[in-house]
Amino acid sequence: MRPAWNSITLALVAGLIGAAGFASLERLIPASGGERARVEGVVHDYLMAHPEILPAAMDALRDRGHAETIAANRSAIYTPVGSAWAGSASPDVTVVEYFDYNCGYCRASLPTIAALLKSDPKVRIVYRDFPILAQSSIDAARMSLAAAEQGKFQAFHDALYAGGPVSTQSIAAAAKTAGVDAARAAAYAPRAEQEITTNATIARALGMTGTPSWVIGNKVVSSALPLEDLQKAIAEVRAAGLK
């Protein structure tokens with residue numbers, strides 16, 4: 001017996017043909033009876049004969065969900081906190097990195113980001129603190145956001161990465177090197193906590209599984225990316241007329 005025209009099958013077909021096309025198809029399917037069973041059988045047999053299309057369908061569904069979440073939270077994703085950005089002041093593409101200061105892959109991505117910005121003057125990187133690995137990650141994110149609010153993000157960012165393992169001492173030293181005002185940072189703490197919570201909520205909604213994770217156009221990637229992959233993703237955003 002063939003499986004019914006259930007929610008999983010509906011979702012897969014929707015992912016393949018798009019919402020508008022699926023709505024049209026659904027209107028053509030009889031509500032019940034032998035004809036509906038026949039149509040269900042045709043779809044089932046096609047999927048069984050061509051299972052290679054199923055990953056593409058699931059990818060399409062995932063990307064559509066990401067696009068909807070990004071659209072609903074665009075400002076919270078793409079608008080940096082203070083100076084927590086690098087690159088073009090008037091970009092045609094913005095790449096958002098969700099990062100953790102304790103993440104070795106984030107550290108390894110530093111020269112890749114530098115090479116990207118050097119090679120492409122129309123790109124902006126927006127940094128979003130996503131501290132998930134340790135308490136020291138959270139402490140570093142709080143100070144990072146305070147530094148960004150004071151226009152000193154890059155100086156703090158560079159100093160903390162240059163300071164070895166993340167600790168209370170290295171965070172304080174990086175803040176001092178960057179010239180972060182301690183009293184102003186303390187006053188900013190509630191807003192920093194709110195930002196960290198918002199970043200985590202959006203990251204979960206986007207299915208981010210670790211750091212670094214990237215939002216590029218309407219797509220999300222959770223892994224360290226080589227320069228060539230970042231450049232390819234940016235080219236696709238430009239070709240699609242997105243930012």
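Residues numbered from 1 in each chain as written. Predicted model: local features only at pLDDT ≥ 70, side-chain atom pairs only at ≥ 80, totals over all residues. Heavy atoms only, no water.

Engineer: Give a description of the sheet that holds strand S3 (residues 123-129) that names residues and reports values.
Structural biologist: Taken together, five strands build an open sheet; the order of strands is S1-S3-S2-S4-S5 and the sheet is mixed. Strands at the two margins of the open sheet, each flanked by one partner only, are strand S1 (85-87) and strand S5 (219-222). With direction set aside, neighbouring strand axes in the sheet form an average angle of 20°. Across four bridges, the pairing between strand S2 (residues 93-99) and strand S4 (residues 213-216) is antiparallel. (Pairing = 2+ DSSP bridges. Helix = DSSP H or I, 4+ residues; strand = E, 2+ residues; numbered from the N terminus. Axes fitted to C-alpha atoms, helices over the stretch in contact; angles between N-to-C directions.)

Engineer: Give a description of the packing of helix H7 (residues 135-149) against helix H8 (residues 153-162) that names residues and reports values.
Structural biologist: The interhelical angle for the contact between H7 and H8, taken along N-to-C directions, is 150°, at an axis separation of 7 Å. Where H7 abuts H8, its residues Ala140, Met143, Ser144, Ala147 and Ala148 lie against Phe153, Phe156 and Leu160. (Contact = heavy atoms within 4.5 Å.)

Engineer: A description of the pairing of S4 should follow, citing residues and the corresponding values.
Structural biologist: Regular strands place their side chains on alternate faces of the sheet. Side-chain alternation along S4 places Ser213 and Val215 on one buried face and Trp214 and Ile216 on a second face that is also buried. Taken together, the four bridges between S4 and S5 define a ladder with antiparallel strand orientation. Bridge pairing links Trp214 to Val221 in S5. Adjacent in sequence and paired antiparallel, S4 and S5 are bridged by two residues, among which Gly217 carries a positive phi angle near 65°. (Buried < 20%, exposed > 50% of the residue type's maximum accessible area, 1.4 Å probe, protein only.)

Engineer: Residues and numbers for helix H10 (residues 182-205), please.
Structural biologist: Every α-helix winds through 3.6 residues per turn, so residues three or four apart in the chain are directed the same way. In this model H10 runs 33 Å from its N-terminal to its C-terminal C-alpha over 24 residues, within 8% of the 34 Å that 1.5 Å per residue would give. Bending of H10 peaks at approximately 50° at the position of Ala189, with proline Pro190 no more than four residues after it. Along H10, the residues classified as buried are Ala185, Tyr188, Ala192, Glu195, Ile196, Asn199, Ala200, Ile202 and Ala203. Buried-residue contacts for H10 involve helix H4 (74-78), S2, S3 and H7. A side-chain oxygen of the first residue of H10 lies 3.1 Å from the backbone nitrogen of Ala183; this N-cap is Asp181. Backbone geometry just after H10 places Gly207 at a positive phi near 70°. (Expected span 1.5 Å × (residues − 1). Bend = angle between axes of the 7 residues up to and from the residue. Polar contact = N/O pair within 3.5 Å; in protein donor to acceptor, adjacent residues only side chain to side chain.)

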